[in-house]
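Structural description and commentary
Here are the chains, one letter per residue:
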Amino acid sequence: MTATRLAIPEDHGSVPLSVVLFRLAHDSRRERVSIGDLLAALGDRAIGALMFFFAAPNILPVPPGVSTLLGAPLLFLSAQLMLGMRPWLPGFVVRRSLSREDLTALVRRIVPWLAKAEKLLRPRAGMLAKPPVENLVGLVCLVLAVILMLPIPLGNTLPALAISVLALGVLERDGVWIVLGFMASVVAGSLVWGVVWAMIKATVLILGPVFA
């Protein structure tokens, strides 16, 4: 599979992610906004920013299939963060686009919460925002992205929240948020495992008499 690599602008660090997303959603020159447009606009912050962008909508209930659609790019991005790679996505993902109206609706949904979070984020506990901890963040997010894509009841909200917190921690080099993200990941993993275990036990109880 051929991957599309994009030229990444040097620094967009001075512009908050909420502002970048708002500008893209309200750019009247565009009828559609592609993932490639997002990559170019986000620059060297693309991995953390895009991980948040794809994870955050899943915190709230979404229609069936949406978590799978949004989870696929998370797999690529999390793996790249784990391996310390620069951001790239396969061509078929980069070319995928949203209408500006759909992007505006999505941005309207997540930007108010993002703007509040940005007031709390700041560079601190720097050792926790660099490799090898950053690589561990990628591994944790990769596992959570797999869980996010599975049709597990209650399997979306907490994994998506944990990925969002970790992604913002990586994005703003905030080690405190990375620690909070790890804690949310443990809670998410425990809850999802509890749900899966309960489903297995229920299945055994229902089907056990059939095969007895």
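Reading guide: rules and limits
Here the residue numbers are simple positions, counted from 1 along each chain's written sequence. Only residues with pLDDT of 70 or above have their local features reported here, since the model is predicted, and side-chain atom pairs are shown and tallied only from 80 upward, although totals for entire chains, interfaces and linings are computed over all residues. The side-chain figures draw on all heavy atoms in the structure; neither hydrogens nor water molecules are used. Under the DSSP-based scheme used, a helix requires at least four consecutive residues in state H or I and a strand at least two consecutive residues in state E, with every element numbered from the N terminus. Relative accessibility under 20% of the residue-type maximum defines a buried residue, over 50% an exposed one, and the middle range a partly exposed one, all with a 1.4 Å probe and only protein chains included. Contacts are residue-level and defined by heavy atoms, with any inter-residue pair within 4.5 Å sufficient. Exposure was quantified through the Shrake-Rupley algorithm and a 1.4 Å probe, taking into account, for residues, occlusion by the shown protein chains and nothing else. In this analysis, rings of Phe, Tyr and Trp, with Trp reduced to its six-membered ring, are considered paired at centre separations within 6.5 Å, and the interplanar angle assigns stacked below 30 degrees, edge-to-face beyond 60, and tilted for intermediate values. Either the NZ atom of lysine or the CZ atom of arginine qualifies as a charge over a ring when it sits within 6 Å of the ring centre and within 35 degrees of the ring normal.

1. Some thoughts on the overall build of the protein
When its secondary structure is counted, the protein shows nine helices and four strands. For the protein, with 212 residues in total, the buried portion stands at 45%. Partitioning the contacts of the protein with sequence separation of at least 6, the portion at a separation of at least 24 is 79%. On the protein, roughly 11100 Å² of surface is accessible, and the fraction owed to carbon and sulfur atoms is 70%.

2. Some words on the packing of aromatic side chains
Per the stated rule, a full pass over the model turns up two aromatic pairs. Aromatic side chains phenylalanine 53 and phenylalanine 54 sit 5.5 Å apart centroid to centroid with 80° between the ring planes, which places their arrangement in the edge-to-face category. No difference in accessibility class separates phenylalanine 53 from phenylalanine 54, as the two residues are buried. With centroids separated by 6.1 Å and ring planes inclined at 25°, the aromatic side chains of tryptophan 193 and tryptophan 197 adopt a geometry described as stacked. Taken together, the residues span about one helical turn, with tryptophan 193 and tryptophan 197 both in helix α9 (residues 175-211) at a distance of four residues. Since its relative accessible area comes to 44%, tryptophan 197 is described here as partly exposed. Directly above the ring of tryptophan 113 sits lysine 116, whose terminal nitrogen or CZ lies 5.0 Å from the centroid.

3. Description of the side chain of serine 185
Of note, serine 185 is situated in helix α9. On the accessibility criterion, serine 185 (10% relative accessible area) is buried.

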